[in-house]
Structure formats: C-alpha cells, structure tokens
Amino acid sequence: MEFACSHVVCNLRADEAASTGVSQINQHDNTVKQQQQQDPLPPPLPPRRLRKPRPSSLPLPPLPSFQYPHTPPSLPPPVPPRLDKLEGEDGLKANVNVVLLSVGKLVDISEASGMENFQSPVNCGKCSAALSCLSSMQNNLWVCEFCGHENSVDDSVKRVCVGQRAGVCSDDLYLPKQSDDDYQNLENSLVVFCVDISGSMSVTTEVTSSSGFPAYISRLEGIQDALQRALSSLLQQAPCRRVALVTFNDEVVIYGDGTSTPLTLRDWALVDYDHIWQQSVSYPIPHCIAETYHQLIQRVKELREHGATSLGPAALASVAMASRYPGSKVILCTDGRANIGLGEMEQTPSLSSSHFHPYFYKQLALQAADSGVIVSVMTFEGTDCRLAEVGTLADTTGGQVNIVSIGTVATEIQSASMDNVLATGVMATLLASDGVYFPYVDENNHKLVRHIGNVTKGLEITFQFAVKPEFNEVFLQKNKLQFQLQLSFKTRDQQRVTRIITEQRPVTTSSRISARSLNMAVLGVHCAQLCASLTIDGRVKEAQRQLKAQQHLHKQISKQRPIQKEESIYGNWMDTMTTICDDITTESWGLSDEAAKVVYQMKRASSVSSNIYSNTTESQTKSTMKKKAPMEGM
C-alpha cells in the first residue's frame, strides 16, 4: 500500500469529503492573516505609574521649541509565515487521504520469496480482519483494532502470527494446500479474434506502397494483414496457445480454429442471450495454433465484407467461447456501431426494444470478468462506434481500448494478444478503523470490498478515505490508525493465494500538512482514475469539482517546491480531463470515440514509474490539448 500523505488527516468536513473531497483548515491555526483579522488593534499600553506632584512654588520648565511628530503606537511584529505548510485563503481543498494499491506487483508472488507462508489466516468474527504482528493481545484475547470485537486466540496461533516480527507493517502470504486437479496451465487459454466484416469495412485508405507509389487498402484488408501477422507471432512465441476466429455482419459466424464446420447465428438467434451463450460454449474446443495455423490463415484470407453490424451477439459468442479457460482473451475489431441484434445502438431506445440498452454491455462485461476473460476493443479512426458503451467490455475486464488506423492495427492486435495475465479472480478488501469511510464507494462502512477480476502487469487502483467528524478527537488521541489490505486471487497456474498487508499510519490535522509529506504520484493517479470514472458515469460536474480541487493543491505544492519533470505529467492529465469535461454540455452530453478512448485510458492510469499506461496516456494528453475532443449527442 502506498499513501498520498504521510499522515491520516482527520479534520475533513463530512458534507464535503463525500462530494468534493474538500477539507477545512483547523480553526485554531495561527496564521498571520487570521491574527490580523481577529486582533486589528494593538494591545493597550499599560497604565503609567503615579508620580508625586511637583511643588507649586517652583516654576515650570519651559516647553521645548521643537515638537516631535505624533506617531501611533507600533504594531507587534507579525508571526513569520510557515513556508512549508499548504495553507492559503481557502485552505487545503483536496482530500489527501488516498491509498494506491499496486495490484500488478502484489499478485506476483514470485517476488515475495522469503515471506512466511501460513495455511489460513485468523480472522475477526465480526469484520473479518486478519490477525497480524501489529495486533495486540492479552491473555489470549485479541481485541480487533478495526471494529473492537473480542476474539479468542490459541497459544500456537499467537506465537506464529504475532511473535514472528515487529514493526509498523506486516506482509503475509497464505497458500492453502492444492490438489492435482486444481492445476491448470495458462497455455491452454484462448485468444479469440472477433472481427467486423460488415459493408463499411470496404472503406479504403490511401497508403504508400513499398515501391513508393500510393495504394488504397480497405479496412478489411488491413485487418486480414494484421491477423496473419498476429497468428505468425503466436505460432513462434506460444505454439501451444489456442486461437479461434469469430466474424460478424448481419450474422455471426463462429469458425473456431478453422478445422470444424462453422456455426452461423442469424435472425431471431441474434436477440436470444441464453441461446447464443449455450451454442458458443458447446462449440468444439480449438486446438493449439501449432496444429491449426494453416486452416486459420486460410479462413482469414477468405473473409469478404458485406451486410450490417451485429456487434453485440458476436461479442457475446466470443466471451462464451473464451469463458471455458480463465485468462483467455477476446480481441474485438470493428468500424461501426452495432445496428442489429443484442446491444444495437442505431435505433432510438424505447420500452418496446428490450434488447437495446447499455445494460447489455455492462452485463456481458461482468460475466466476462467473472469468467476470467479479458476483452480488448479496437475501432478505426474517423468512425463512430459509441465507444463509451462498447468500451465497458474492456474497462471492466482489464483489456485495452484503442482507436487504430491501417498502419497501426497490426501492432495493436499483437500487443493485445500478448500473454500478460498475472492473476485472475482478484478480490481486494480494504479495512480501516471504525469511523473511517470511503467517499464515492461506501460512505457507511469502514470496510471496502472491490472485485478486480483479471490483473495484468502495471495495474494500479486507488481509493480515497475520510474520517467521520465525530471520530476526529478520538483518532487524534490514538495518534495512529491501522489499515489492512486482503488480496485473494488465483495465480497463472490457478493456485489460490491470499495476501494480507497491515500498516500503521500516524494521525494529524490538515494545518500540519506540508508539501514534503505528499506523494504527487498517488494524488495524480487517483485524480485521473476518479475523474474519468465520474465522467463515464455521467457525473461531470462532480468530476469538475474534483479537478479544481486537485489543480488548486497542485498549485499550492508548486509554490513550496519545484515540480519534477515526471510529476508534470499528472498536471497534464488534469488539464486533459478538464478539457473533456468542459466540452460536455447538456445539449450534447455524449462522449465521442476519441474522448471515450482517453477517458477509459485515464481510468487505468498508473504512476510514471510503472511505465505501462502513463506513456500512452501522456501521448493522448498532448493530442487532446491541441484540439478539444468533439462531443456528439447520444
């Protein structure tokens, strides 16, 4: 776990932390401006001592001819400003209570050698927190530090879990015993290419041939060339991988590995969810590409473009085929919005068209994630595919969302088909002390459960938390709070693992926060992910408020210390999201495909050090800032 601030900040207002993340400065804070406002006049002079009266018989001394100018009493010297504090007229606006989870690193247990491996954790009977070396026990009684529940603990467990080591952080791996039946090699996983062959795929683009003369290549020809390259690459690098082909126009054709009779779905079958799933799941399992390479190449060469776009049914069939093997991938390539069958988006939605609804893509995305399937979505530049809706498939399952051209489609397909799955079925549970809540996620519970699903290299997720006002004084007296992350997942060989990290953090107020205590990487990644998520959900005004608060904080930090070159990227991300949000109006509230691509990439933004999504997002930032992303009505 990596925190945005060195301390837990306790004085956030409950009504603003949940909506805008705004905190207030401690009212007893002693700043120069507040002191001048509260005490505009200097303190009165002390009374003079009474002197004995002079004798009246003596003459008074003459008055001096020179009169000194009358000056008011001098003001006391001002309190010198504390240059390291993040304070101003409006105080600290952004919520700096943010934690970042580097899930891509945490699920890689090969880097966790030397850690204690226990059979199963000891959990609290009320909140399911795990006993750690940071827990305190008396007479075999463990009072849970997260909920206060009393738990009885055996002596043997006490010696193993508590007596192992001491410190402010514990990191434990729990590896239950595995049977031979649980083992599965991910080489058995599938790569399903789901390709659009509708009539619009005949649109040509001018390219420069190898001889230097202009040539015209259709989108389908570009896809065919890209697929042949991807198949050749898989044959050389992973000859045991299974590969299947699915095409769609006004019907869906499942070719599988090219050796079996194709299965065609048309007419009424295109609107029957269960029928498509059952037919696709029962289709013969593809063989490894080393045995089917030539048949697949031949099927790809025979493709011809015509008809409509039954994108939804094809995506459903592809996910169903891949669901038989966790860690499988579906690569969806299209150039137009769905206009027939499940998930169609061309007609105006109405109560009678039950198969038209964004819910279809959300439902399919959740089913794919539960099955361990990663879906990547690719569209051609200059088209309108309603990527904001279709991109949900990739966003939920951990896939890529991209817009390609004839020249880049081959590279993008090969990149999406790479075997980079580290874990499947990942579930994260984050626990904090009772009195802490999680804005935007769960404002009534100090326990947060998040289903992540598939995890690839470099994945990072962030959460913000806040303290309820009635617990401010209690936590400040405690001086330290504990946080615990419970991460359960399956490794590449389907081994079940639970990793539990417990950490203590000191407590303070916002008036004591300095620029040196903040982590710009954590704050920048969280701002990008949160604002992108709010934008996709239609909460644009909320995203704008968050962006303003984070930009204000970024400005405050820049006044106290120089912003590093890598940190400036996070400021560019904020500018990009601001541009996209400002372009969304009430008359035209839908995201264009270009804007949707950037927003989805922002949702999976990671710190610069990970070098996974940060480089891609930075390039998208530059192009977006040059030209405002156009918005189109839904």
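The rules behind each value
Throughout, residues of each chain are indexed from 1 in the direction in which the sequence is written. Only residues with pLDDT of 70 or above have their local features reported here, since the model is predicted, and side-chain atom pairs are shown and tallied only from 80 upward, although totals for entire chains, interfaces and linings are computed over all residues. Values shown for side chains rest on all heavy atoms present in the structure; no hydrogens or waters enter the calculation. Only runs of H or I of at least four residues qualify as helices and only runs of E of at least two qualify as strands under DSSP, and these elements are numbered from the N terminus. Three labels apply to residues, based on accessible area from a 1.4 Å probe with only protein chains included: buried if under 20% of the type maximum, exposed if over 50%, partly exposed otherwise in between. Note on contacts: a residue pair qualifies if any of its non-hydrogen atoms lie within 4.5 Å across the two residues. With residues, only the protein chains shown are counted as cover, and all accessible areas are computed by Shrake-Rupley using a 1.4 Å probe. At least two bridges found by DSSP between two strands is the condition for calling them paired. Identification of polar contacts relies on pairs of N or O atoms within 3.5 Å, with a donor-acceptor requirement for protein atoms, meaning one able to donate a hydrogen and the other able to accept it, and with residues adjacent in sequence counted only if both atoms are side-chain atoms. Each pair of aromatic rings taken from Phe, Tyr and Trp, with Trp reduced to its six-membered ring, is defined by centres within 6.5 Å and is described as stacked if the planes are under 30 degrees apart, edge-to-face if over 60, and tilted in the remaining cases. Axis definition: a line fit to C-alpha positions, over the contact stretch in the case of helices; interaxial angles, taken between N-to-C directions, run 0 to 180 degrees. Every angle not falling under 35 degrees, over 145, or within 65 to 115 is termed oblique; those three ranges are roughly parallel, roughly antiparallel and roughly perpendicular. Crossings are assigned a handedness: left-handed for a near helix turned anticlockwise from the far helix by less than a right angle, right-handed for a clockwise turn. Residues are grouped as follows: Ala, Val, Leu, Ile, Met, Phe, Trp, Tyr, Cys and Pro are nonpolar; Asp, Glu, Lys and Arg are charged; all remaining types, including Gly, are polar. Multiplying 1.5 Å by the helix residue count minus one yields the expected span of that helix. We place a 1 Å grid over just the protein atoms. Points where a 1.4 Å probe fits but has no way out form a cavity, open points with protein on both sides within 12 Å along at least 5 of 7 lines form a pocket, and any residue with an atom within 4 Å of a point lines it. Grid points are joined across faces, edges and corners, and a volume is the space filled by probe spheres set on the points. Confidence scores here are pLDDT values: one per residue, from the predictor, ranging 0 to 100. Here, a salt bridge means any Lys or Arg side-chain nitrogen found within 4 Å of an Asp or Glu carboxyl oxygen.

**Quick notes on the overall build of the chain**
- When you go through the chain residue by residue, the secondary structure sums to 18 helices and 24 strands.
- For the chain, the proportion of its 634 residues judged to be buried stands at 52%.
- Counting only contacts in the chain whose residues sit at least 6 apart along the sequence, the fraction spanning at least 24 positions is 77%.
- Element-wise, carbon and sulfur atoms account for 50% of the exposed surface of the chain, whose accessible area totals about 30,500 Å².

**Some details on the pairing of strand β15 (residues 329-334)**
- Taken across its six residues, β15 has six buried, putting it largely inside the fold.
- Judged by which residues are buried, β15 turns out to be covered on both faces: Lys329, Ile331 and Cys333 on one side and Val330, Leu332 and Thr334 on the other are all buried.
- As defined by bridge partners, strand β9 (residues 190-196) adjoins β15 across five bridges and the pair is classed as parallel. From the neighbouring strand, Cys194 faces β15, where its bridge partner is Leu332.

**Structural notes on the side chain of Ser135**
- With respect to the element layout, Ser135 can be found in the loop between β4 (117-118) and β5 (137-138).
- Overall, Ser135 belongs to the buried group, its relative accessible area being 8%.
- Here Glu145 takes part through its side chain, which lies 3.0 Å from a polar atom of the side chain of Ser135.

**A few points about the sheet that holds strand β7 (residues 150-152)**
- Read from one edge to the other, the open sheet built from three strands follows the order β5-β6-β7, with strand pairing classed as antiparallel. With partners counted over all chains shown, the strands left at the sheet margins are β5 and β7, one partner each.
- One ladder, built from two bridges, connects β5 with strand β6 (residues 141-143); its direction is antiparallel. Residue pairing across strands places Gln138 opposite Leu141, the latter belonging to β6.

**Re the packing of aromatic side chains**
- Under the criterion given, the structure shown has seven aromatic pairs.
- Here Tyr273 and Phe360 contribute two aromatic rings whose centre-to-centre distance is 6.1 Å and whose plane-to-plane angle is 80 degrees, an arrangement assigned as edge-to-face. Within this pair, whereas Tyr273 is found in helix α6 (residues 273-281), its partner Phe360 is found in helix α9 (residues 359-370), the two being separated by 87 residues in sequence.
- Looking at Tyr273, the relative accessible area reads 14%, which means it is buried.
- Put simply, the rings of Phe3, Phe465 and Phe483 touch in pairs and so form one group of aromatic residues.

**Some points on the sheet that holds strand β12 (residues 242-248)**
- Judged by pairing direction, the sheet is mixed, and its seven strands sit side by side in the order β14-β13-β12-β9-β15-β16-β17 without closing on themselves. The outermost strands of the open sheet, each flanked by one partner alone, are β14 (263-265) and β17 (401-404). Put simply, the sheet's adjacent strands are angled 20 degrees from each other on average, direction ignored.
- Pairing of strand β16 (residues 374-380) with β17, which is carried by four bridges, proceeds in the parallel orientation. Looking at β17, one finds that Thr379 is bridged to Ile403.

**Let's talk about the packing of helix α14 (residues 520-536) against helix α16 (residues 568-583)**
- Remark: α14 packs on α16, axes separated minimally by 9 Å, with the N-to-C direction vectors making an angle of 15 degrees. With respect to α16, the element α14 is oriented roughly parallel. When you trace α14 past α16, the crossing you get is left-handed. Mapping the contact onto sequence places Met520, Ala521, Gly524, Val525, Cys527, Ala528, Cys531, Ala532 and Thr535 in α14 and Tyr570, Trp573, Met574, Met577 and Cys581 in α16.
- For the contact of α14 with α16, the per-class residue count stands at 12 nonpolar, two polar and no charged.

**Notes on helix α15 (residues 540-560)**
- The end-to-end C-alpha separation of α15 is 31 Å, in line with the 30 Å expected for 21 residues at 1.5 Å each.
- Among all positions in α15, only Val540, Glu542, Ala543, Gln546, Leu547, Ala549, Gln550, Leu553, His554, Gln556 and Ile557 are buried.
- On its buried face, α15 is in contact with β21 (461-464), α14 and α16.

**Comments concerning empty space enclosed by the protein**
- Evaluated as defined, the whole model comprises one cavity of 30 Å³ or more.
- If you trace the largest cavity, you find it lined by Phe193, Leu227, Leu231, Val243, Ala244, Leu245, Leu296 and Val300.
- Looking at the lining of the largest cavity, the elements that each hand over two or more residues are α5 (219-237), β12 and α7 (289-301).
- With three residues, β12 is the single largest residue contributor to the lining of the largest cavity.
- Within the lining of the largest cavity, the residues separate by chemical class into eight nonpolar, no polar and no charged.

**Some points on the confidence of the model for the chain**
- For the chain, per-residue confidence averages 79 on the pLDDT scale, and residues scoring 70 or more make up 75% of the total.
- Taking the mean pLDDT of every element in the chain, the minimum, 40, falls on helix α2 (residues 32-38) and the maximum, 96, on strand β13 (residues 252-256).
- Confidence over residues 18-39 falls short of pLDDT 50; this stretch has 52 contacts with residues more than four positions distant or in other chains.

**Quick look at α5**
- Taking 1.5 Å of rise per residue, 19 residues should cover 27 Å, and α5 covers 27 Å from first to last C-alpha, within 8% of that figure.
- When α5 is considered as a whole, its buried residues turn out to be Arg219, Leu220, Gly222, Ile223, Gln224, Ala226, Leu227, Ala230, Leu231, Ser233 and Leu234.

**Quick look at the packing of α15 against α16**
- As a packed pair, α15 and α16 sit with axes 10 Å apart at the nearest point and diverge in direction by 150 degrees. When the axes of α15 and α16 are compared, the pair comes out roughly antiparallel. Crossing of α15 over α16 shows left-handed handedness. Across from Val540, Ala543, Gln544, Leu547, Gln550, Gln551 and His554 in α15, the residues of α16 making contact are Gly571, Met574, Asp575, Met577, Thr578, Cys581 and Asp582.
- Tallied by class, the residues present in the contact of α15 with α16 amount to six nonpolar, six polar and two charged.

**Structural notes on the pattern of salt bridges**
- Per the counting criterion, the structure on display carries 10 salt bridges.
- For Arg337, the salt bridge goes to Asp384, with nearest N and O atoms at 2.2 Å. Note that Arg337 is positioned in the loop between β15 and α9 and Asp384 in the loop between β16 and α10 (387-390), a separation of 47 residues in sequence.
- Among the residues examined, Asp384 registers a relative accessible area of 27% and is labelled partly exposed.
- In this structure, the salt-bridge partner of Arg545 is Glu542, at a minimum N-O distance of 2.5 Å. In this pair, Arg545 and Glu542 both sit in helix α15, three residues apart, roughly one turn of the helix.

**Section: unusual backbone geometry**
- The backbone of Asn139 sits at a positive phi, close to 55 degrees, despite the residue not being glycine.
- For Asn139, the location among the structural elements is in the loop between β5 and β6.
- You will see that Asn479, though not glycine, has its phi angle at about 75 degrees, which is positive.
- Note on Asn479: relative accessible area 42%, which makes it partly exposed.

**Here we look at the environment of Arg516**
- When you line up the elements, Arg516 lands in the loop between β24 (496-508) and α14.
- Take Arg516: its relative accessible area is 68%, and that puts it in the exposed class.
- For the pair Arg516 and Ile557, spaced 41 residues apart in sequence, the C-alpha to C-alpha distance is 8.8 Å.

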